[in-house]
Amino acid sequence: MIPAVFEYRAPTTIDEALSLLAANSDEAKILAGGHSLIPAMKLRLAQPGMLVDIGRIKDLAYIREQGDHIAIGAMTTHYQIESSALLKKICPLLPDCASHIGDVQVRNKGTIGGSVAHSDPAGDWPAAIIALNAQMVAVGANGERTINADDFFVDLLTTALTPGEILREIRVPKPSGRFVHSYQKVRHPASGFAVVGIAVAIKLAAEGTCETASVGVTGVASKAYRAATVEAALKGQQLNDQTIAQAAAHATDGVDANSDLYASEDYRRHLAQVFTKRAIHQAWISIK
Ligand SMILES: Cc1cc2nc3c(=O)[nH]c(=O)nc-3n(C[C@H](O)[C@H](O)[C@H](O)COP(=O)(O)OP(=O)(O)OC[C@H]3O[C@@H](n4cnc5c(N)ncnc54)[C@H](O)[C@@H]3O)c2cc1C
């Protein structure tokens, strides 16, 4: 359980970090909270020759209202999001999701940027990031670019970030109008990761029908995904037990579900449908 030898660098600016990553492209890896990378190094699943610790770069940990969106710095910890009064008020899905991650130690050290950049298929954040239609701001040698949540999670432990790019910020559109949400999770009893995690964000029209629904699913497949068929089935509907159940039945449409010692493919599909129903229902009753 001891990692292979590596060099440790702690830049204090983004430019310095980008230079280190560019100059050591074959062997450098970014270190954020270390709660996924260090265990992977101890198991020799990752053997970077250099760690570029971005924890000393100023102004990478923040939660700010900026016009029509909320800006969250990549180094913001799960706990900072869980305890943010601003987010509890304007986007409670984020603190709710954060509260489901690991334990207090993990939430105090792990970062939202590290979690989404890692794209763990059982990580909690990707479901919420998709449900909230967030944008990822990446900075690299060619400047800055934004990537939509739907395009960001590419596959198992793979994102749209290119080598040498740093995820700098996550931008979440400010929910407006009658907006309700829920995050529902089945925790793996040993690791606490999501066997299934469902994030739902619903905007209600004045007459109470569902104007838009956004559903992110994690834990089920090799990467988090948008349950587009569920969203389409909810749109324009009056929410009730029947319409919710009919929509949730589509939670794994077109998806190759994972199978492991704890949960078979069929069981995972079943859990995803049950917990999608539960998440929509929880969101719905929060305004009844
Ligand atoms: C015991 C335990 C239980 C856990 N339980 C859960 C759980 O229930 N739910 C859950 O979602 N997670 C869980 N985690 C994982 C935890 O949330 C991690 O903190 C998170 O996955 C990674 O964030 P980090 O800041 O630790 O990133 P690191 O481990 O430092 O980095 C992870 C990866 O992302 C890359 N990276 C990091 N930051 C950036 C950036 N800004 N730009 C580009 N690349 C970057 C790194 O190079 C590395 O490849 C658990 C971890 C542990 C140890």
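It should be emphasised that the depicted structure is a prediction, and the values quoted were computed from it without experimental measurement. (Residues numbered from 1 in each chain as written. Predicted model: local features only at pLDDT ≥ 70, side-chain atom pairs only at ≥ 80, totals over all residues. Heavy atoms only, no water.)

Student: Describe the overall build of the protein, and please don't skip the residues or the numbers.
Tutor: Within the protein, the secondary structure is distributed over 12 helices and 14 strands. Expected size for 288 residues packed as a compact globule is a radius of gyration near 19 Å; at 19 Å, the protein falls within 12% of this value. Summarising its shape, the C-alpha atoms of the protein cover approximately 60 × 45 × 35 Å along the three principal directions. Taking all 288 residues of the protein together, 49% fall into the buried category. (Helix = DSSP H or I, 4+ residues; strand = E, 2+ residues; numbered from the N terminus. Rg over C-alpha atoms; globule rule 2.2 N^0.38 Å. Buried < 20%, exposed > 50% of the residue type's maximum accessible area, 1.4 Å probe, protein only.)

Student: Outline unusual backbone geometry, supporting the account with residue identities and numerical values.
Tutor: One non-glycine residue, D59, adopts positive backbone phi at about 60°. The residue D59 is located in the loop between β3 (50–53) and β4 (63–66) in this model. Of note in the backbone geometry, N133 takes a positive phi value of approximately 50° without being a glycine. Note on N133: relative accessible area 42%, which makes it partly exposed.

Student: Could you give an account of the pattern of salt bridges, with specific residues and numbers?
Tutor: Scanning the model with the defined rule gives 14 salt bridges in all. One salt bridge in this structure joins D150 and R226, with 3.0 Å as the shortest N-O distance. On the criterion of sequence distance, the pair formed by D150 in helix α9 (residues 149–152) and R226 in strand β14 (residues 225–226) is long-range, its members being 76 residues apart. You can call D150 partly exposed: its relative accessible area is 41%. (Salt bridge = Lys/Arg side-chain N within 4 Å of Asp/Glu carboxyl O.)

Student: Go over the site of the ligand with me, naming the residues and quoting the values.
Tutor: What surrounds the ligand is a group of 31 residues, the closest being I30, H35, L37, T111 and D124. Between an oxygen atom of the ligand and a side-chain N or O atom of K29, the distance comes to 3.4 Å. Here an oxygen atom of the ligand sits 2.5 Å away from a polar atom, N or O, in the main chain of I30. Calculation on the ligand without its partners gives an accessible area of 970 Å², and the protein chains cover 89% of this total. Looking at the shell around the ligand, the elements with two or more residues in it are β2 (28–31), α7 (112–118) and β10 (166–173). Counting residues per element, the shell around the ligand draws most heavily on α7, which supplies 4 residues. A class-by-class count of the residues in the shell around the ligand yields 13 nonpolar, 14 polar and 4 charged. (Near = heavy atom within 4 Å. Polar contact = N/O pair within 3.5 Å; in protein donor to acceptor, adjacent residues only side chain to side chain. Areas by Shrake-Rupley, 256 points an atom, 1.4 Å probe, with all protein chains shown as cover. Nonpolar A, V, L, I, M, F, W, Y, C, P; charged D, E, K, R; others polar.)

Student: Break down the nonpolar core for me, citing the residues and quoting the values.
Tutor: The biggest cluster of nonpolar side chains holds 37 residues, and the ones touching the most others in it are L94, W125, I129, I170 and V172. Filtering out sequence-adjacent residues up to four positions away, W125 remains in contact with H78, I81, L94, C97, A98, I101, I112, S115 and V116. Ranked by size, the runner-up nonpolar core spans 32 residues in total, among them V186, V200, I202 and I280. (Core = buried A, V, L, I, M, F, W, Y, C linked by side-chain atoms within 4.5 Å. Contact = heavy atoms within 4.5 Å.)

Student: Outline the pairing of strand β6 (residues 135–140), supporting the account with residue identities and numerical values.
Tutor: A large share of β6 lies buried, amounting to 5 of its 6 residues. Bridge count between β6 and strand β7 (residues 143–148): 6 bridges; the pairing is antiparallel. From the neighbouring strand, V139 faces β7, where its bridge partner is E144. The turn linking β6 back onto β7 is made up of 2 residues. With 5 bridges connecting them, β6 and β10 associate as antiparallel partners. Residue pairing for β10: V139 is matched across the bridge by I166. (Pairing = 2+ DSSP bridges.)

Student: Pulling in residues and values, what's your account of helix α1 (residues 14–23)?
Tutor: Every buried residue of α1 is listed here: I14, A17, L18, L20 and L21. Viewed end-on, α1 has its buried residues packed into an arc of 160°, placing them on one side of the element. Turned more than 90 degrees off the buried face of α1, the exposed positions are D15, A22 and A23. Tucked inside the fold, the buried residues of α1 contact β1 (7–9), β2, β3, β6 and β10. (Arc of directions from axis to C-beta.)

Student: Before we move on, can you summarise a nonpolar patch on the surface with the specific residues and values?
Tutor: Together, M1, L43 and L45 line one region of the surface with nonpolar side chains, adding up to about 400 Å² of accessible area. Among the secondary structure elements, L43 is positioned in the loop between α2 (37–42) and β3. (Patch = residues over 30% accessible without salt bridge, like charges linked within 9 Å, V, L, I, M, F, W, Y side chains within 5 Å.)

Student: Give a detailed account of the packing of aromatic side chains, specifying residues and quantitative values.
Tutor: Both the distance between ring centres and the angle between the ring planes are used here to describe each pair of aromatic rings. Summed over all chains, the structure comprises 1 aromatic pair. Ring centres 5.2 Å apart and planes at 90° place the aromatic pair F152 and F153 in the edge-to-face group. As far as the burial class goes, F152 and F153 line up, both buried. The aromatic ring of Y62 is capped on one face by R64, whose charged end is 3.7 Å from the ring centroid. (Phe/Tyr/Trp six-rings, centres within 6.5 Å; stacked < 30°, edge-to-face > 60°. Lys NZ or Arg CZ within 6 Å of the ring centre and 35° of its normal.)

Student: Break down the sheet that holds strand β13 (residues 210–218) for me, with residues and values.
Tutor: In spatial order, the strands read β11-β12-β13-β14; together these 4 strands make up an open sheet with antiparallel pairing. The strands lining the two open edges of the sheet, one partner per strand, are β11 (178–187) and β14. Where strand β12 (residues 194–204) and β13 come together, 8 bridges link them in antiparallel fashion. Bridging from a neighbouring strand, I202 pairs with A213 of β13. Of the strands in this sheet, β11, β12 and β13 touch helix α12 (residues 265–285), which is tilted by about 35° from β12. (Axes fitted to C-alpha atoms, helices over the stretch in contact; angles between N-to-C directions.)

Coordinates in, geometry out; function isn't part of it.
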